[in-house]
Each structure stands twice: as C-alpha cells, then as structure tokens.
Amino acid sequence: MRILLLGNTGQLGWELERTLTPLGEVVALDYPAVNLLDEASTRQAVRGVVPHVIVNATGYTAVDKAESEPDKAAAINTRAPAILAEEARTLGAALIHYSTDYVFDGLKGSPYVESDAPNPLGVYAQTKLAGEQAVQQTGGAFLILRLSWMYSLRRDSFVTKVLGWSRQQRSLRMVTDQIGNPIWARTAAEATAQLLAMGSANTVSSTGIVPWLAERSGLYHFVGPDHASRYEWAQAILRLDPRRTEQVTEQVLPALTNEFPTPARRPLFSALGCQRFVDTFGLRLPPWETALRLAMEI
Ligand SMILES: NC(=O)c1ccc[n+]([C@@H]2O[C@H](COP(=O)([O-])OP(=O)(O)OC[C@H]3O[C@@H](n4cnc5c(N)ncnc54)[C@H](OP(=O)(O)O)[C@@H]3O)[C@@H](O)[C@H]2O)c1
C-alpha cells in the first residue's frame, strides 16, 4: 500500500508517520514541500505520489487566529480537502481526513452523534465543517474522522501548558464548564493505522484497500468512550506528572469560560459519542485518562 501523508510535522501527523510506516510505503510531505494554499502544489503532491490512500493530517488549527484570517483558514481547512478528495476520486484512491468536535454549538448537553446537526460558532469550525461537506460531496472513498481535544507532548498543547504553569504558578484556575474528549495524538494515529491494517488484511492487493474503505465511507466520531471538563483534565495532568516534585502549584480553582474571553467562541459541551466507529471497525480508542497516563510516562 502506498500512503501519502500530509502534515507530518503536526501533532497528529508526526505520530502517523510512525504508525503508518509498517503498512507500506509512506510518502510524508509538509510545508514547503507541499503548500496547501497553492492549488497546483496540492494537486501535484497527489499526482506525483499516486497513492492508494491519502491521509490528510494538515489543518489551520489556530482557532482564535482564524477569526482574523478567514481566507487562509478556508484555503487550508475547506479548499485543500476538497482538492484532495477530487484528486483521490480521479486516481481511484481513498482519503482519510480529520475534522473536529467544534462543528457543534455545544448546546445538546449529551455526547453528539454523527447525525446531530452541526452549528459552528467560529471561523475555524465553519471552515472545518465546510471541508467535511466538500469531501462528502466529492464522493469516492473517504473517511472523515472527527477528533476532539487533541494533545501531544511534542508541540504546544493544553497538557504542555498546564505542566509549564504548574512550574510557575501556586494557583491555577481551570474552567469547569468546557466538556470534551481529551485525546492523545498517538492513540488517534494508532487507531488510524489499525483500521488500515484491518482493511489491508481483508483484501488481496494494495488497490483492494480502496473498495474496502469505500464500503465504509462516511463520517465517524473518533475519540475515547468518556469525557471530562478542562478542570478535571488539568487535575489529572498534575496527578500523573512523573516530575511532580517540580510543581509549585498548590491548588486548582474552578472557573467559568466567560471569565476568559477569547476572539473565537467555542462550544461548551462538545463531547462526542463514537459508537458508529466502534460498530464499523471493531476498534476503540482508550479512556482519556488511560491515554494520558501512557503519554506522560514517556
Ligand atoms: N488539535 C486539536 O485539538 C484538534 C481537535 C480536533 C480536530 N483536529 C484536527 O486534526 C487535524 C490535525 O491537527 P493537529 O493538532 O495535529 O494540527 P497541527 O499540529 O496544527 O498540524 C497541522 C499540520 O498542517 C500543516 N500545514 C499547515 N498549513 C499548511 C500549508 N499551507 N501547507 C502544508 N501544510 C500545512 C502544518 O505544517 P507546519 O507545522 O509547517 O505549519 C502541520 O504539519 C486537523 O485537521 C485539525 O483540524 C485537531
């Protein structure tokens, strides 16, 4: 199987390069080798590699900055996935694309399922939703995997920020009214590779992966079985920190989101239910606290 991986320097892409490599030939490209702001560059990346599967781990992920850069966010989050889906369909390849819990407005109050109506609150979320729709409209073989609060310890993330603050601040204030599914980038990368491995084990040739994915084409929520508030997540980070002795934080105080105004509005309750993914692929991502412990033991 030949896989084109886009965005291999990002949180998820970095992990994907490692988990996808045992499956075949992985050609990993990132900016500037491919520039998703340039349509010709995006198309050429696919045509030059002629992959069986494109895994798109790119994104314009600066949620607040997107409010002042809507065109750039749309080019990367909407237009580029549309081009990749077109190129995949033309080549007879499959596209795996990642989206976000932020497509929802957070008012439902219980975990969102794939059939729930999206209602994005900010530019990032709007452009990601439009990207999903463009991939779906293009057709062909595709999986759209909606992630939630993803972190890695390699790049700036909520986990690395909390660890940093814990070395400097005696008291932390964390919001109790934002609820989501923390997910370690490595577990998302591993589950992506496992589903491709399952497909390839059930097909006789490299091209067989495409109809196998086409039969399962669609939108899936792609997180663990449970959710947490940012307050609970921060407390677990402090508890599981292997270098706890370096912490100076003595207390974590509850706070509310409206005490910390940001340029972009975010959904308060954006937990995702992932039963469709479990039923379709027989795979499950770990509970968030299990993954956090494994991530922090490294
Ligand atoms: N992080 C989260 O909490 C979260 C939650 C839900 C969904 N998601 C989705 O999951 C996916 C991966 O997220 P992530 O957190 O791993 O993202 P990330 O760490 O921000 O990485 C994004 C990747 O996209 C690349 N990229 C950005 N602009 C590009 C351009 N013009 N041309 C080529 N490559 C470009 C980046 O390259 P450079 O490093 O060179 O800029 C980087 O490799 C995204 O689709 C995101 O929307 C993320």
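Our subject is the structure that appears above.
These lines cover the structure that appears in this document, whether it is placed above or below. (Residues numbered from 1 in each chain as written. Predicted model: local features only at pLDDT ≥ 70, side-chain atom pairs only at ≥ 80, totals over all residues. Heavy atoms only, no water.)

**Observations concerning the sheet that holds strand E3 (residues 53-56)**
Hydrogen bonding along the main chain pairs the strands of a sheet, whether they run parallel or antiparallel.
Part 1 of the reasoning: What the 6 strands build is an open sheet, ordered E2-E1-E3-E4-E5-E10; its pairing is parallel. If you trace the sheet from one side to the other, it starts and ends with strand E2 (25-29) and strand E10 (218-221), each paired once. On average, each strand axis in the sheet is tilted by 20 degrees relative to the strand beside it, whichever way the strands run.
Part 2 of the reasoning: For strand E1 (residues 2-6) and E2, the ladder comprises 5 bridges, and the chain directions are parallel. Note that in E2 the partner of Ile 3 across the bridge is Val 26.
Part 3 of the reasoning: Of the strands in this sheet, E1, E2 and E3 are in contact with helix H2 (residues 39-49), which crosses E1 at around 160 degrees. (Pairing = 2+ DSSP bridges. Helix = DSSP H or I, 4+ residues; strand = E, 2+ residues; numbered from the N terminus. Axes fitted to C-alpha atoms, helices over the stretch in contact; angles between N-to-C directions. Contact = heavy atoms within 4.5 Å.)

**Some words on the packing of H2 against helix H3 (residues 70-91)**
Part 1 of the reasoning: Where H2 contacts H3, the two axes come as close as 10 Å, and the packing angle between them is 35 degrees. For H2 against H3, the interelement crossing comes out right-handed. Contacts between H2 and H3 involve Glu 39, Thr 42, Arg 43, Val 46 and Arg 47 from the former and Arg 79, Ile 83, Leu 84, Glu 86, Glu 87 and Leu 91 from the latter.
Part 2 of the reasoning: In the contact of H2 with H3, the residues fall into 4 nonpolar, 1 polar and 6 charged. (Left-handed = near helix turned anticlockwise from the far one by under 90°. Nonpolar A, V, L, I, M, F, W, Y, C, P; charged D, E, K, R; others polar.)

**Thoughts on the pattern of salt bridges**
Part 1 of the reasoning: Summed over all chains, the structure comprises 19 salt bridges.
Part 2 of the reasoning: When the shortest N-O distance is used, the salt bridge between Arg 146 and Glu 132 registers 2.7 Å. Here Glu 132 lies in helix H4 (residues 123-138) and Arg 146 lies in strand E5 (residues 141-147), a separation of 14 residues in the sequence. For the pair formed by Arg 146 and Glu 132, the shared burial category is buried.
Part 3 of the reasoning: Where Arg 173 meets Glu 259, a salt bridge forms, and the shortest distance between an N and an O atom there is 2.1 Å. Taken together, the residues Arg 173 in strand E7 (residues 171-175) and Glu 259 in the loop between strand E12 (251-255) and helix H9 (275-281) connect sequence positions 86 residues apart.
Part 4 of the reasoning: Classification of Glu 259 by relative accessible area gives partly exposed; the value is 37%.
Part 5 of the reasoning: Beyond isolated ion pairs, a larger network of salt bridges with shared partners links Glu 39, Arg 43, Arg 47, Arg 79, Glu 86 and Glu 87. (Salt bridge = Lys/Arg side-chain N within 4 Å of Asp/Glu carboxyl O. Buried < 20%, exposed > 50% of the residue type's maximum accessible area, 1.4 Å probe, protein only.)

**What to know about the nonpolar core**
Part 1 of the reasoning: Core analysis: the biggest nonpolar cluster contains 51 residues, and Leu 95, Tyr 151, Met 174, Trp 233, Ile 237 and Leu 292 have the highest contact counts within it.
Part 2 of the reasoning: Apart from residues no more than four positions distant in its own chain, Met 174 is found in contact with Phe 158, Val 162, Trp 165, Arg 230, Tyr 231, Ala 234, Val 252, Leu 253, Pro 254 and Ala 255.
Part 3 of the reasoning: Counting 34 residues, the second-largest nonpolar core is a separate cluster that includes Met 1, Ile 96, Tyr 98 and Ile 183. (Core = buried A, V, L, I, M, F, W, Y, C linked by side-chain atoms within 4.5 Å.)

**Observations regarding the site of the ligand**
Part 1 of the reasoning: Near the ligand lie 26 residues; those nearest to it are Asp 30, Thr 61, Tyr 124, Lys 128 and Ser 148.
Part 2 of the reasoning: Within the contact set of the ligand, an oxygen atom lies 2.9 Å away from a side-chain nitrogen or oxygen of Gln 11.
Part 3 of the reasoning: Between the ligand and the protein, one listed contact pairs a nitrogen atom with a backbone N or O atom of Leu 36 at 3.0 Å.
Part 4 of the reasoning: Protein coverage of the free-state accessible area of the ligand, which is 910 Å², stands at 84%.
Part 5 of the reasoning: Elements with a contribution of two residues or more to the shell around the ligand: helix H1 (11-20), strand E4 (94-100), H4 and strand E6 (149-151).
Part 6 of the reasoning: Considering every element that reaches the shell around the ligand, the biggest residue donor is E4, with 3 residues.
Part 7 of the reasoning: Its residues assigned to classes, the shell around the ligand shows 12 nonpolar, 11 polar and 3 charged. (Near = heavy atom within 4 Å. Polar contact = N/O pair within 3.5 Å; in protein donor to acceptor, adjacent residues only side chain to side chain. Areas by Shrake-Rupley, 256 points an atom, 1.4 Å probe, with all protein chains shown as cover.)

**So, the packing of aromatic side chains**
Part 1 of the reasoning: Applying the stated criterion to the full structure yields 11 aromatic pairs.
Part 2 of the reasoning: Taking 6.3 Å as the distance between ring centres and 80 degrees as the angle between the ring planes, the aromatic pair formed by Tyr 220 and Phe 277 counts as edge-to-face. Linking Tyr 220 in strand E10 with Phe 277 in helix H9, this pair joins segments that are 57 residues apart in sequence. As far as burial versus exposure is concerned, Tyr 220 and Phe 277 are alike and both buried.
Part 3 of the reasoning: Among the aromatic residues, ring-to-ring pairing joins Tyr 98, Trp 212, Tyr 220, Phe 222, Phe 277 and Phe 281 into one connected group.
Part 4 of the reasoning: Sitting above the plane of the Trp 14 ring, Arg 18 keeps its charged end 3.7 Å from the centroid. (Phe/Tyr/Trp six-rings, centres within 6.5 Å; stacked < 30°, edge-to-face > 60°. Lys NZ or Arg CZ within 6 Å of the ring centre and 35° of its normal.)

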